[in-house]
Amino acid sequence: MTVLETRPTTHDLELEYNKRLMLVAGRAHPELAANIASKLGVELGDVTLKTFSNGEVYCRFGQSVRGADVFIVQPTCGNADVGLSANDALMELMVMTDAAVGGSAHRVIAVTPWYGYSRQDKKSAPREPISARLVARMIESAGVDRILTMDLHSGQIQGFFQKPCDHMTALFMLTQYFSDLALEDLVVVAPDAGRVKLNQKFADKIGADLAILNKERPAQQVAEINYVIGDVAGKTAVLVDDIIDTAGTLKAAAEAVLDAGARRVYAAATHGVFSGNAWENLAAAGFEQVVVTDTIPLPPGAPDNVRVLSCAELLSSSIRQIFTDGSVSDVFGGENQLF
């Protein structure tokens, strides 16, 4: 009789998994990516990005991404320094995502502090697209596992994603900046009724009063300020919004507040798009300072009163929490629900 030696069987193959973080930059905002890498203590990953003569975008990672958590820093904005449009940046984000997925990355996280098309979040007229939702579907279709963004134009955009969407805010950076200025007789002015909740939080943080502007939009990128609701006479007004684009609304708001008797006017916003005649409008508005963050690279020709705060520390803390499976809401103590 022969006895066969057998080895115990198992249904599981145990393998120790060492997580690896890989941070790569698109061409939309490489300076922000470099600052985040410095805060995290890592080097940016090697990636080749270029635009062919026919306008097509090309990407290739210069090192293995297999098994890594790949964080792609790419706000979907244009960059005049490299001739990149907002649509190019969006396409570049998608091809970088597809390259990472094809390279067997463990997870792909899109770090898009500025989420392009965010103002097209609903149908304002018949036969219009909901472009913010379309962009969310496009990014997810490319293979993104998670999205990290900042101060979306409206809270419901988070619902356009089926993947986790981590929503950061610059509120505390901005309020800290104005607290450090130690300005007296402050009043925070909401640009319209839709921003009242955000502005009330801003006012509470810096110990200021609140006023509201009555605004109408007769056409896209055109605003009319009718009157100011609240007392701004003899006070220092801070106009707070999420986006400054052509600054036409901001100019009209500053004029209305000054006409109502305000002594000085400041402006604060997370995203400084500054397109079209933005610099001319800001120069004519008489602001003491216009304070934004670096979610979008500052276009050339900025006036001296524009101040830029870096969001690299905030984003690096969020990236660290995502990578270690920690709590992203702990970065704000759960206070980032602005809407």
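Each remark here, short or long, concerns the structure printed above.
1. Re the overall build of the chain
The secondary structure content of the chain amounts to 8 helices and 14 strands. When the 339 residues of the chain are sorted by exposure, 50% land in the buried category. The long-range share in the chain, meaning contacts at least 24 apart out of those at least 6 apart in sequence, stands at 65%.

2. Considering the environment of Ile157
Mapped onto the elements, Ile157 comes out in the loop between β6 (146-150) and β7 (165-168). Here the alpha-carbon distance between Ile157 and Gln120, two residues 37 residues apart in the chain, equals 9.9 Å. When near neighbours in sequence (up to four residues on either side) are disregarded, Ile157 contacts Tyr115, Ser118, Asp121, Ala132 and Leu152.

3. Things to note about helix α2 (residues 86-102)
In this model, α2 (17 residues) spans 24 Å end to end at C-alpha, consistent with the 24 Å of a helix rising 1.5 Å per residue. Those residues of α2 that sit buried are Ala89, Leu90, Glu92, Leu93, Met94, Met96, Thr97 and Ala100. Tucked inside the fold, the buried residues of α2 contact β1 (21-25), β2 (47-51), β3 (57-61), β4 (69-73), β5 (107-112) and α3 (131-142). Looking at the residues trailing α2, positive phi occurs at Ser104, about 70°.

4. Looking at the packing of α2 against α3
Packing of α2 against α3 leaves a shortest axis separation of 8 Å and a crossing angle of 25°. Judged by the angle between their axes, α2 and α3 are roughly parallel. On α3, the residues that touch Leu90, Leu93, Met94, Thr97, Asp98 and Val101 of α2 are Val135, Met138, Ile139 and Ala142. Looking at the contact of α2 with α3 residue by residue, the classes come out as 8 nonpolar, 1 polar and 1 charged.

5. Comments concerning the side chain of Asp166
Of note, Asp166 is situated in strand β7. If we skip the residues at most four places from it in the chain, Asp166 touches Arg146, Ile147, Leu148, Thr149, Ile322 and Val328.

6. Some points on unusual backbone geometry
If you check the backbone angles, Ala182 has positive phi at about 55° while not being a glycine. Mapping Ala182 onto the fold places it in the loop between α4 (171-181) and β8 (186-190). Owing to a relative accessible area of 57%, Ala182 belongs among the exposed residues under this scheme. At Ala247, a position not held by glycine, the phi torsion is positive, near 70°. By secondary structure assignment, the location of Ala247 is in the loop between β11 (236-244) and α6 (248-259). Looking at Ala247, the relative accessible area reads 5%, which means it is buried.

7. Quick look at the sheet that holds β5
Here 5 strands make up an open sheet; going across it, the order is β1-β4-β5-β6-β7 and the pairing parallel. If you trace the sheet from one side to the other, it starts and ends with β1 and β7, each paired once. On average, each strand axis in the sheet is inclined to that of its neighbour by 20°, with strand direction left out of account. Seen against the sheet, helix α8 (residues 312-323) touches β1, β4, β5, β6 and β7 and runs at an angle of roughly 160° to β6.

8. Some details on the pattern of salt bridges
In total, this model carries 11 salt bridges according to the counting rule given. Across the salt bridge formed by Lys122 and Asp121, the nearest N and O atoms sit 3.7 Å from each other. Judged by relative accessible area, Lys122 falls into the partly exposed class, the value being 48%. Of the residues examined, Asp121 reaches a relative accessible area of 6% and is grouped as buried. Counted as one network, the salt bridges with shared partners bring together Lys19, Asp69, Arg107 and Asp325.

Conventions used here
Residues numbered from 1 in each chain as written. Predicted model: local features only at pLDDT ≥ 70, side-chain atom pairs only at ≥ 80, totals over all residues. Heavy atoms only, no water. Helix = DSSP H or I, 4+ residues; strand = E, 2+ residues; numbered from the N terminus. Buried < 20%, exposed > 50% of the residue type's maximum accessible area, 1.4 Å probe, protein only. Contact = heavy atoms within 4.5 Å. Expected span 1.5 Å × (residues − 1). Axes fitted to C-alpha atoms, helices over the stretch in contact; angles between N-to-C directions. Parallel < 35°, antiparallel > 145°, perpendicular 65-115°, else oblique. Nonpolar A, V, L, I, M, F, W, Y, C, P; charged D, E, K, R; others polar. Pairing = 2+ DSSP bridges. Salt bridge = Lys/Arg side-chain N within 4 Å of Asp/Glu carboxyl O.

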